[in-house]
Amino acid sequence: MTSKNTAQISTRLLLALWDLGGTQQEVKKGQLTKRIVSKSQKVADYQGSFEELQNQGAIAISKKGYSLTSPKGLEVLGKGLRSGEFKFEGTIVGTWAANALVKWISQIDVAVVSADVPVNGKSAIASYDEFKSVALEVYDKLNYEYNFNNLVPIYRIRRGIGDRVSRTEFNDWLLETQADDILQLQGGSVEDSAPDKIEDSVATELDGLRCYATRLKP
């Protein structure tokens, strides 16, 4: 197999893993292979790509499934899709692939924002003060680039920060920014009421679902 074909297989693999929610949860092995392995192929054809991507730090492999790392996996996927060599073989492209590409195009800036925003490195966020700084930087970038008019969707902030904080830490620290009158969290719903976007918002027993953030302090 040529390096060109290997690169295409790796990009297709990463795209499928991303589309299946691999940045948020582990994707079962059977679920991924069912999507990427065509009738004329075997799972063994992808073994080299799995190993190479794992060595690059783009994916994590367990006994049960695969995860797409952030930001490394997203960076490798973005680079592969932008490559002039990437293309789908044959005359028919699977619906999942077409839909995944459309979703990637619509979310690309958010998906790789952790690689674009000049935050203090890409290590795990260890304190509230560091989270506050990173969250506000991501907020400002999204607000400027997408003209949110100071009403930035919380799910975009969460995805922009990525795996640098756990879901619980994100929730707790974001609520703390509200207590400190830095951000005001507001209700409503996301633009298309997508379940994954609602899940990536913040909910409390007292205030209910909060989907948007407004910056109170400059």
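Report on the accompanying structure.

Rules of the game
Residues numbered from 1 in each chain as written. Predicted model: local features only at pLDDT ≥ 70, side-chain atom pairs only at ≥ 80, totals over all residues. Heavy atoms only, no water. Buried < 20%, exposed > 50% of the residue type's maximum accessible area, 1.4 Å probe, protein only. Helix = DSSP H or I, 4+ residues; strand = E, 2+ residues; numbered from the N terminus. Arc of directions from axis to C-beta. Pairing = 2+ DSSP bridges. Salt bridge = Lys/Arg side-chain N within 4 Å of Asp/Glu carboxyl O. Patch = residues over 30% accessible without salt bridge, like charges linked within 9 Å, V, L, I, M, F, W, Y side chains within 5 Å. Areas by Shrake-Rupley, 256 points an atom, 1.4 Å probe, with all protein chains shown as cover. Lys, Arg positive; Asp, Glu negative; His and termini not counted. Charge placed at Lys NZ, Arg CZ, Asp CG, Glu CD. Contact = heavy atoms within 4.5 Å. Axes fitted to C-alpha atoms, helices over the stretch in contact; angles between N-to-C directions.

### What about helix α2 (residues 29-36)?
Within α2, burial applies to Leu-32, Thr-33 and Ile-36. The arc enclosing the buried residues of α2, seen along the axis, measures out at 95°, which places them on a common side.

### Here we look at the pairing of strand β8 (residues 212-215)
Across 2 bridges, the pairing between strand β4 (residues 152-153) and β8 is antiparallel. Each bridged residue has a counterpart across the sheet, and for Val-152 the counterpart in β8 is Ala-213. Two elements, strand β5 (residues 183-186) and β8, share 4 bridges in a ladder whose sense is antiparallel. Each residue of the ladder has a partner; that of Leu-183, found in β8, is Arg-215.

### Brief notes about the pattern of salt bridges
If you walk through the whole model with that rule in mind, you get 9 salt bridges. The partner of Asp-140 in a salt bridge is Arg-215, with the nearest N and O atoms 2.5 Å apart. Pair noted here: Asp-140 is in helix α7 (residues 128-146) and Arg-215 is in strand β8, with a separation of 75 residues, a long-range link. Assessed through its relative accessible area of 36%, Asp-140 is described here as partly exposed. Notably, a salt bridge pairs Arg-159 with Asp-200, separated by 2.9 Å at the nearest N-O pair. Linking Arg-159 in helix α8 (residues 154-161) with Asp-200 in the loop between α10 (195-199) and β6 (202-204), this pair joins segments that are 41 residues apart in sequence. Here the two residues Arg-159 and Asp-200 agree in accessibility, since each one is buried. Salt bridges sharing partners connect three or more residues here, namely Arg-159, Arg-167, Asp-196 and Asp-200.

### Here's the deal with a negative patch on the surface
A surface patch of negative charge is lined by Glu-169, Asp-172, Glu-176, Asp-180 and Asp-181. Topologically, Glu-176 is positioned in helix α9 (residues 167-179). Owing to a relative accessible area of 32%, Glu-176 belongs among the partly exposed residues under this scheme.

### Examining the sheet that holds strand β2 (residues 59-61)
Ordered in space as β1-β3-β2, the 3 strands form an open sheet in which the pairing is antiparallel. Strands with a single pairing partner mark the edges of an open sheet, and in this sheet they are β1 (27-28) and β2. Here β1 pairs with strand β3 (residues 65-68) via 2 bridges, running antiparallel. Its bridge partner lying in β3, Lys-28 is registered against Gly-65. Contacting β2 and β3, helix α3 (residues 47-56) crosses the sheet at an angle of about 115° to β2.

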